[in-house]
Amino acid sequence: MPRKSFSELINSPGMPVLVDFYADWCGPCKTMAPILEQVAAQHEGKLRIIKIDVDKNPAVAQQFRVQSIPTLILFHKGQPVWRQAGVVPAAQLNQSVGAYL
């Protein structure tokens, strides 16, 4: 299966896409991982979550002006509709993404 471009990934038809910009060396990013797994399980089939390593994909991070990590950006129909830097508690994340599901 060919690799999809970032643009293709965030244009998931009918389904919002939550992008987690992270790095392997980032402590708060590791804290965010189980929260994202919990949110993914709660919204299975209604929300797609992808992780973008800023060290391996600096152009995408620059395109969306990601200056600190973790940064979460929710895309709906290919457009950013919500973003938050830092660790986001599961309840707050569910509330934020819930408006777009």
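This text follows the structure it describes.
In this report, we go over the structure that sits alongside the text. (Residues numbered from 1 in each chain as written. Predicted model: local features only at pLDDT ≥ 70, side-chain atom pairs only at ≥ 80, totals over all residues. Heavy atoms only, no water.)

Moving on, we get to the pairing of strand β2 (residues 48–53). One ladder, built from six bridges, connects strand β1 (residues 17–22) with β2; its direction is parallel. Bridge pairing links V17 to R48 in β2. Running through helix α2 (residues 27–42), the crossover from β1 to the neighbouring parallel element β2 is right-handed. (Pairing = 2+ DSSP bridges. Helix = DSSP H or I, 4+ residues; strand = E, 2+ residues; numbered from the N terminus. Right-handed = clockwise from strand over helix to strand, strands pointing away.)

Okay, the sheet that holds strand β4 (residues 79–85) next. The strand order across the open sheet built from four strands is β2-β1-β3-β4, with neighbouring strands paired in mixed fashion. At either margin of the open sheet sits one strand with a lone partner, and together these are β2 and β4. For this sheet the average axis-to-axis angle between neighbouring strands, irrespective of direction, equals 20 degrees. Against the sheet, helix α4 (residues 90–98) engages β1, β3 (71–76) and β4, with an angle of about 165 degrees to β4. (Axes fitted to C-alpha atoms, helices over the stretch in contact; angles between N-to-C directions. Contact = heavy atoms within 4.5 Å.)

Okay, the environment of V17 next. Looking at the element boundaries, V17 is found in strand β1. Measuring from C-alpha to C-alpha, the distance between V17 and A85 comes to 16 Å, with 68 residues separating the pair along the chain.

Below, the discussion takes up the nonpolar core. Generally speaking, nonpolar side chains in soluble globular proteins are found buried as a group. Within the largest apolar cluster, 20 residues are counted, with the highest numbers of intra-cluster contacts made by F6, V19, F21, F64, V66 and I69. Only α1 (6–10), β1, β2, α3 (58–63) and β3 provide two or more residues apiece to this core. It is β1 that contributes the most residues to this core, four residues altogether. In contact with I69, not counting residues within four places along its chain, are F21, Y22, A23, W25, C26, C29 and V54. Formed by 13 residues, the second largest nonpolar core is a distinct cluster that contains L36, V39, L47 and A90. (Core = buried A, V, L, I, M, F, W, Y, C linked by side-chain atoms within 4.5 Å. Buried < 20%, exposed > 50% of the residue type's maximum accessible area, 1.4 Å probe, protein only.)

The next thing to look at is the environment of K51. Relative to the helices and strands, K51 resides in strand β2. Non-local contacts of K51, meaning those with residues more than four positions away in its chain, are made with D20, Y22 and L36.

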